[in-house]
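# Close look at the chain arrangement
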Amino acid sequence: MENKQVQEFWKAEFGKYVDVKKARLLEIGCGNGRLGPILTPTVVKGYCGIDPEKRLIAQARKNANSAIKYELGRAEQIPFEEKFDIIFYTFSWHFVNDFDIALKETKRVLKKGGIVAILEPSDKVKVWGSAKFIKRDPDFSQREYDQKMKEIKRAEKALYEQHLFDIVEENKATEDTPVSLWILKAHLFK
């Protein structure tokens, strides 16, 4: 997706739930920080990104502006006390070790009325960031691909078994859209 398409998708998809123009966003699994500069300040008011990889955070910080902050962190131990309107797991939900702890942390830093968006790859993805997952590539590893699919299925199962959030929208992967997106809101009385 081009930057303009990403911006329009964010406005349309997440604007149904929160005022994105005023929103503070936390991206869990920000990698090299590609999303932060695309979304701030034109789509969201502020952006924080966390990733457990030091080299990726260092790379991300090179492109930061005054509305962007990057920190080392994991879903199970979010390094912020502030609250966010949108918490976005970018192809990172399946890397979580303890889903219960991650969701408790997510709820801790989610503003009342905020949303959690989880975007995950599927077996319909044709182009991966690593050649070992691309079936026609000479470096393809069936064992590692099967393990990745197992992790993705485990992560999806955890979404349906958790009790802290309601799934208010679910867009499962298709051949045309090879990623799945879930939108969650916190239970009102839990």
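First, a word on what this report is: a plain description of the structure on this page. Throughout this description, residue numbers start from 1 for each chain and increase along the sequence as written. Totals for whole chains, interfaces and linings use all residues, but because this is a predicted model, local features are given only for residues with pLDDT of at least 70 and pairs of side-chain atoms are given and counted only at 80 or more. For side-chain calculations, the full set of non-hydrogen atoms in the structure is used, while hydrogens and water are omitted.

## Focus: the pattern of salt bridges
Definition used for salt bridges: Asp or Glu carboxyl oxygen within 4 Å of a side-chain nitrogen of Lys or Arg. Inspection of the entire model under this criterion finds 18 salt bridges. A salt bridge links Glu8 to Lys11, with the nearest nitrogen and oxygen atoms 3.7 Å apart. In this pair, Glu8 and Lys11 are both assigned in helix α1 (residues 3-14), three residues apart and thus about one turn of the helix distant. Classification of Lys11 by relative accessible area gives partly exposed; the value is 37%. The way it works is that DSSP assigns letters per residue, a run of H or I at least four long becomes a helix, a run of E at least two long becomes a strand, and they are numbered from the N terminus. Only protein chains enter the calculation, and the probe is 1.4 Å; a residue is then buried if its accessible area is under 20% of its type maximum, exposed if over 50%, and partly exposed in between.

## Focus on helix α5 (residues 142-161)
For α5, which comprises 20 residues, the first-to-last C-alpha distance of 29 Å matches the rise-based estimate of 28 Å (1.5 Å per residue) to within 8%. Residues of α5 that are buried: Tyr145, Lys148, Met149, Ile152, Ala155, Ala158 and Leu159. In this description, contact between two residues means that some pair of their heavy atoms is separated by no more than 4.5 Å. Those residues of α5 hidden inside the fold are in contact with α4 (99-109), β5 (110-121), β6 (165-171) and β7 (179-186). In this scheme, a helix's expected span is set at 1.5 Å multiplied by one less than its residue total.

## Structural notes on the environment of Pro178
With respect to the helices, strands and loops of the structure, Pro178 is situated in the loop between β6 and β7. Distance from Pro178 to Leu119, taken between C-alpha atoms, is 11 Å for residues 59 residues apart in sequence. Contact partners of Pro178, with chain neighbours within four places excluded, come to Pro121, Ser122, Lys124, Val125 and Ala173.

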